[in-house]
Amino acid sequence: MPLIVTGLSHKTAPLEIRERFSAASSLVSEVLPKLLLDADLDEAFLISTCNRTELYLVCRNKERGEILANEFFDSLEKISSEKRRHLFYQLVDGAALGHLFRVTASLDAMVVGETQVTGQVKDAYERAKGAGTVGPYLNKLVQRSLEVAKRIRTETEISSHPVSVSSAAVNLAENIFGDLKERTVLIVGSGEMAQLAAQHFGDKIKSLTITNRTESKAREMAASFNAGLPAEALAKAGVLPYEKFQESLGSYDVIVTSTSAGIILTPDLVEAGMSLRKNHPLFLIDIAVPRNIDPAVNKIPNVYLYDIDDLQGVVQAGMAERAKEAKKAEAIIFDATVSFEKEMDQRKAAPTITELSRKFEGIREAEVAKVLRCLPQLGDRERKELEACTKRIVSKILHEPIVGLKEEEGSSYAETVRRLFKLGTEN
Amino acid sequence: MHLSCVLGVFAIYLLATLVSLVRALFFKQGLGRLVFGILIVGFLLHTTLLFYYLGTNQYPYFINRSYGLLFISWFLILLFFILSKKLKFEAVSPYLLPIALVTYLLSVIGREAELSGAGPQSVWVVVHFVSILLALSLFILGFGVGLTFIIQEGRLKAKKPLLARFPSLEVLDQVRTRTLWLGWVLLTIGIFSGMLLSWIYYQTLLFYDPRQIGALAAWAFYLIYLAARSKRGWRGRHGVLLPLLGLLVIFLTVLAARHNFLT
C-alpha cells in the first residue's frame, strides 16, 4: 500500500505562498474524511504549521493518490502545474517514510533541532485521529516517528545547543546556575534586545527587575512583560530606580545590560557587589554596543561576562554542533526507515503465512486420519509419534517459503507463493 | 575461585574505565548505559569479595592497608552510582573510575603484613577504620568533582564551548562542598575514635605518629577551607588548593604511613 506525501515547506516556498496553503485545524475534520470517501484511499493525515503544509495519504493506487493530493491543495488555492512543480514536493513509500521521520525529529525544520515541530506533528495526529482518518498504518507510522524523534533527542545533542543570542544567554545561565527557578535577573535598559532577553528568561526565573534611566520606559517594559506571562507565573517583573542599581548588584544572579550609556559597570563596582554576594556566581550579559561593562570584569573570580560577540560565538558553535549531530540523526533515521519498511512487509506477509500454514496443516491432518483408519491397531505412542513426525515434515517443508515471505521485499514473492500453492486471493 | 574474582573485578573495572574514557573523548553518549551495566556487574562481584573478606578476616576486618583500599574503591563505585542516578552526573566517570581502578589495583598488588589481632579489641577500631576510609573516599570524590568544576569554569571564562552533559557549575560546587563536609565529619569521627582508642589502651591521646599527625593536618586543612567558604565566600576555583592539599596529605598518610605502635 503506497504512502504518499505531498506538500510545501520553507525550503521550497516563500512565506507569502506557504500562508495561502496553511490549513486551519477545522479543515482536518471537514475535508479529510471527504477525501477518504474515495475507494482508493485508506488513510489520511495533514500537518500544517507556519513552515509547512503536508498531506500524507495511504492509498491502494499510487497514481490515484497523487491526483487526490493535488486536488486537495487545489481546493485551498489553485495554482498552475508549472508552479506546483517548483513549490511542491511529492514523495512515495520509503522516501515519504523517511521524510516524516525527519520532519518529526526537526531535521527538516528552519532551525534544526527545535523541539516545537514534534509537538505539532503529535497535535496533527490527534486531530486526524479525532476526524477518523487515521488507520492502522498511519497509527503505527506516526507513533514510530515520535519514538524516533525521542531517540534522536536522547542519543544526539541536536537540541542541546542554543541558536539565538537570547537563548544562548539563558543556556549559559543554566550552565552556571542549573535550575533558574531561584535566580533573580536584572535588566538594565529597555531596548529591543533587552526585551527579547527578558522574554527568554520568561517564567523560568524567580524574579525579574528592570531598571532604566527613564523610569517610565522601565515601567512600560515591566507591564508589557507581565502581560505576556501566564496567570499562575510567579516571576512578575518589578522596577528598580536607576540610581540604586549599582549598589544593588549583589542582589542579582544575572544582569543584562543594554543601554547607550557606555561603561556603567567597572571592576570595582562588581567586586563590591561580589563581596555582598559572598562570591556567589554572577553572570553578566552585555548586549550593548558600545559595551556597558568593562571587559576586565571577566577576570574577577566567579564572575562570568559575555558580550554580544561572545554570545554570537556561542550561537555559531551551537549551529555547527547541531549540524554535526544532524548527521548522526540521519543515520538513525535511515535505520528506522529500513526497519519500519521491513516490519510492514512482514505484516503484509502474515496473512499469506497463516493461509499457507493452515493449508498444509489441513493436508497433514487429513493424511494422518487416513493412515490411522487403515492402521487401527496403532497404540497411543505410535499415534503421537506419527503426529509429531508429520508435523516435523510440514515444518521443514514450509521453513524456506516462510523465511522468504518474511525477508523478501515487495509483494511479488507473496503472489508467487499464493499462486504456487493456490491460496485465496491476496488482500 | 578467589583469585578469579579478584582478577575479574579488576578486568571489569578496567573495561568500564576505558569505555567511559572513550565516551568522554569521542562524545559517544550512547556508551553511558554500557558503562553503567559493566560497573553493576563489577560492583556486585566486588561486594561479594568484600563480604568474603569480612567473613574470613579476623576482627577488626580491615586488617591491613590492602583491605582498606579495597573498601575505598568499592565505596567510590557506589558514590558513582549515587551521583549518576541522583544528579545525572555520569560525566564524573572519566575521573572517578580511574581513581577507583587504581585504588583497587593498589589493594591487590600492595599487600602488606596483616595486623596481628593483638591490638585493641574494641568496636571503636572498626568505627575508626571505616570512618577514615569513607572520609578518604569522599575527599577523592570531592577532588574529582572539583577538577570537573575547574575545567568547566575555565571554559566558561575563556568563552569556549562547554563540555556537554555536565551538571551546572552551581551543582558541581554544591556536590563538592557537601562531599567535603561529610568527609570532614567522618574524618572527625575517625580521629576522635582513634584518640579514644589511644586513651583507653595506651593512656595517651596522641602518639605523635605519622598517621595521627597526617590526619590532623588534613582535618585542619579541610576545616579552614570549609569555614572560609562559609564565612568569606571561598568559592569556585579559589577553594581548590586547600582541599587538594588535604587530600594529598590524607592519601599519603593512609598509603605510606603506619601507626608507630603497630611496628
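Rules behind the numbers
Residues numbered from 1 in each chain as written. Chains lettered and ligands numbered in written order. Predicted model: local features only at pLDDT ≥ 70, side-chain atom pairs only at ≥ 80, totals over all residues. Heavy atoms only, no water. Helix = DSSP H or I, 4+ residues; strand = E, 2+ residues; numbered from the N terminus. Buried < 20%, exposed > 50% of the residue type's maximum accessible area, 1.4 Å probe, protein only. Contact = heavy atoms within 4.5 Å. Areas by Shrake-Rupley, 256 points an atom, 1.4 Å probe, with all protein chains shown as cover. Rg over C-alpha atoms; globule rule 2.2 N^0.38 Å. Pairing = 2+ DSSP bridges. Axes fitted to C-alpha atoms, helices over the stretch in contact; angles between N-to-C directions. Buried area = accessible area lost by both parts, 1.4 Å probe. Salt bridge = Lys/Arg side-chain N within 4 Å of Asp/Glu carboxyl O. Polar contact = N/O pair within 3.5 Å; in protein donor to acceptor, adjacent residues only side chain to side chain. Phe/Tyr/Trp six-rings, centres within 6.5 Å; stacked < 30°, edge-to-face > 60°. pLDDT = per-residue confidence, 0-100. Patch = residues over 30% accessible without salt bridge, like charges linked within 9 Å, V, L, I, M, F, W, Y side chains within 5 Å.

Participant: Please give an account of the overall build of chain B that cites residues and values.
Facilitator: Helix and strand counts for chain B stand at eight helices and zero strands. Listed N to C, the secondary structure of chain B is α-α-α-α-α-α-α-α in terms of helices and strands. Per-residue burial over chain B gives 50% buried out of 263 residues. In chain B, the share of contacts with a sequence separation of at least 24, taken over all contacts with a separation of at least 6, comes to 79%. Accessible surface, chain B: about 12300 Å² in total, of which carbon and sulfur atoms supply 73%.

Participant: Report on the overall build of chain A, specifying residues and quantitative values.
Facilitator: Scanning chain A for helices and strands turns up 14 helices and ten strands. In terms of overall dimensions, chain A is more spread out than a globule: its C-alpha atoms have a radius of gyration of 32 Å, far above the 22 Å expected for 427 residues. Each principal axis of the C-alpha distribution contributes one length, and for chain A these read about 110 × 60 × 35 Å. For chain A, the proportion of its 427 residues judged to be buried stands at 47%. Accessible surface for chain A amounts to roughly 21300 Å². Of this, 53% is attributable to carbon and sulfur atoms.

Participant: Tell me what's going on with the environment of Gly94 of chain A, and back it up with residues and numbers.
Facilitator: All names here are of chain A. Note on placement: Gly94 falls in helix 5 (residues 93-104). Given the relative accessible area of 18%, Gly94 is considered buried. Through-space distance from the C-alpha of Gly94 to that of Pro2 is 9.2 Å; in sequence the pair is 92 residues apart. When sequence neighbours within four positions are dropped, the list of residues in contact with Gly94 reads Thr337 and Glu341.

Participant: Could you give me a rundown of the sheet that holds strand 5 (residues 184-188) of chain A, with the residues and numbers involved?
Facilitator: Residues and elements named next belong to chain A. Strand order in the open sheet formed by six strands is 7-6-5-8-9-10, and the pairing between neighbours is parallel. Each edge of the sheet is formed by a strand with only one pairing partner; in this case those strands are strand 7 (237-239) and strand 10 (303-307). Taking each pair of neighbouring strands and ignoring which way they run, the sheet shows an average axis angle of 20°. Against the sheet, helix 9 (residues 192-201) engages strand 5, strand 6 (207-211), strand 8 (254-257) and strand 9 (282-286), with an angle of about 165° to strand 5. The sheet strands contacting helix 12 (residues 308-374) are strand 9 and strand 10, and the helix crosses strand 10 at an angle near 85°.

Participant: How would you explain the interface of chain A and chain B if you had to name every residue and give the values?
Facilitator: Contacts between the two partners involve 27 residues from chain A and, on the opposite side, 22 residues from chain B. Across the chain A/chain B interface, buried area totals approximately 1900 Å², and carbon plus sulfur atoms make up 46% of it. At the junction of chain A with chain B, the criterion picks out two salt bridges. A salt bridge links Asp310 of chain A to Lys159 of chain B; the nearest nitrogen and oxygen atoms lie 2.9 Å apart. In this assembly, chain A and chain B are joined by eleven residue pairs in polar contact (both at pLDDT 80 or more). At the level of secondary structure, the elements contributing two or more residues to the side of chain A that touches chain B comprise helix 7 (136-155), helix 8 (165-177), strand 10 and helix 12 of chain A.

Participant: Pulling in residues and values, what's your account of unusual backbone geometry?
Facilitator: All names here are of chain A. Omega for the peptide link from Val289 to Pro290 comes to 0°, which places this bond in the cis form. Positive phi is not limited to glycine here, since Asn279 has a value of about 60°. Positive phi, close to 65°, is recorded for Asn302, a residue that is not glycine. Looking at where Asn302 falls in the secondary structure, it is placed in the loop between strand 9 and strand 10.

Participant: Which residues make up the packing of aromatic side chains, and what values go with them?
Facilitator: Residue and element names in this part refer to chain B. Under the definition given, this model contains 22 aromatic pairs over all chains. Between Tyr13 and Tyr104, the aromatic rings sit 5.9 Å apart at their centres with planes inclined by 80°, giving edge-to-face as the arrangement. You can see Tyr13 sitting in helix 1 (residues 2-26) and its partner Tyr104 sitting in helix 4 (residues 93-109), a full 91 residues away along the chain. Tyr104 sits in the buried class, given a relative accessible area of 0%. Between Phe139 and Tyr222, the aromatic rings sit 3.8 Å apart at their centres with planes inclined by 10°, giving stacked as the arrangement. Residue Phe139 is located in helix 5 (residues 123-157), and its partner Tyr222 is located in helix 7 (residues 210-232); the two are separated by 83 residues in the primary sequence. By way of ring pairs, the aromatic residues Phe36, Phe43, Phe71, Trp74, Phe75, Phe80 and Phe81 are connected into one cluster.

Participant: So what's going on with the confidence of the model for chain B? Which residues, and what values?
Facilitator: Residue and element names in this part refer to chain B. Counting all residues, the mean pLDDT for chain B is 80, and 82% of those residues have values of 70 or more. Mean pLDDT across the secondary structure elements of chain B bottoms out at helix 8 (residues 241-256), with 75, and peaks at helix 6 (residues 169-202), with 88. Across the assembled chains, the prediction reports ipTM 0.79 with pTM 0.71.

Participant: Describe in detail the pairing of strand 8 of chain A, supporting the description with residues and values.
Facilitator: Regular strands have side chains that alternate between both faces of the sheet. Residues and elements named next belong to chain A. Neither face of strand 8 is exposed, since Val254 and Val256 on one face and Ile255 and Thr257 on the opposite face are all buried. Bridge count for strand 5 against strand 8 is four bridges, and the pairing is parallel. By the bridge assignment for strand 8, Val188 is matched with Thr257. Of the strand pairs in this sheet, strand 8 and strand 9 are connected by four bridges, and their pairing is parallel. Paired with Thr257 across the two strands is Asp286, which belongs to strand 9.

Participant: Describe a nonpolar patch on the surface, listing the residues and the values that go with them.
Facilitator: All names here are of chain B. On the surface, Val123, Trp124, Phe192, Trp199, Ile200, Tyr201, Tyr202 and Leu205 cluster together into a nonpolar patch covering about 790 Å² of accessible area. Counting residues per element, the ones that place at least two in the nonpolar patch are helix 5 and helix 6. Counting residues per element, the nonpolar patch draws most heavily on helix 6, at five residues. Judged by relative accessible area, Ile200 falls into the partly exposed class, the value being 41%.

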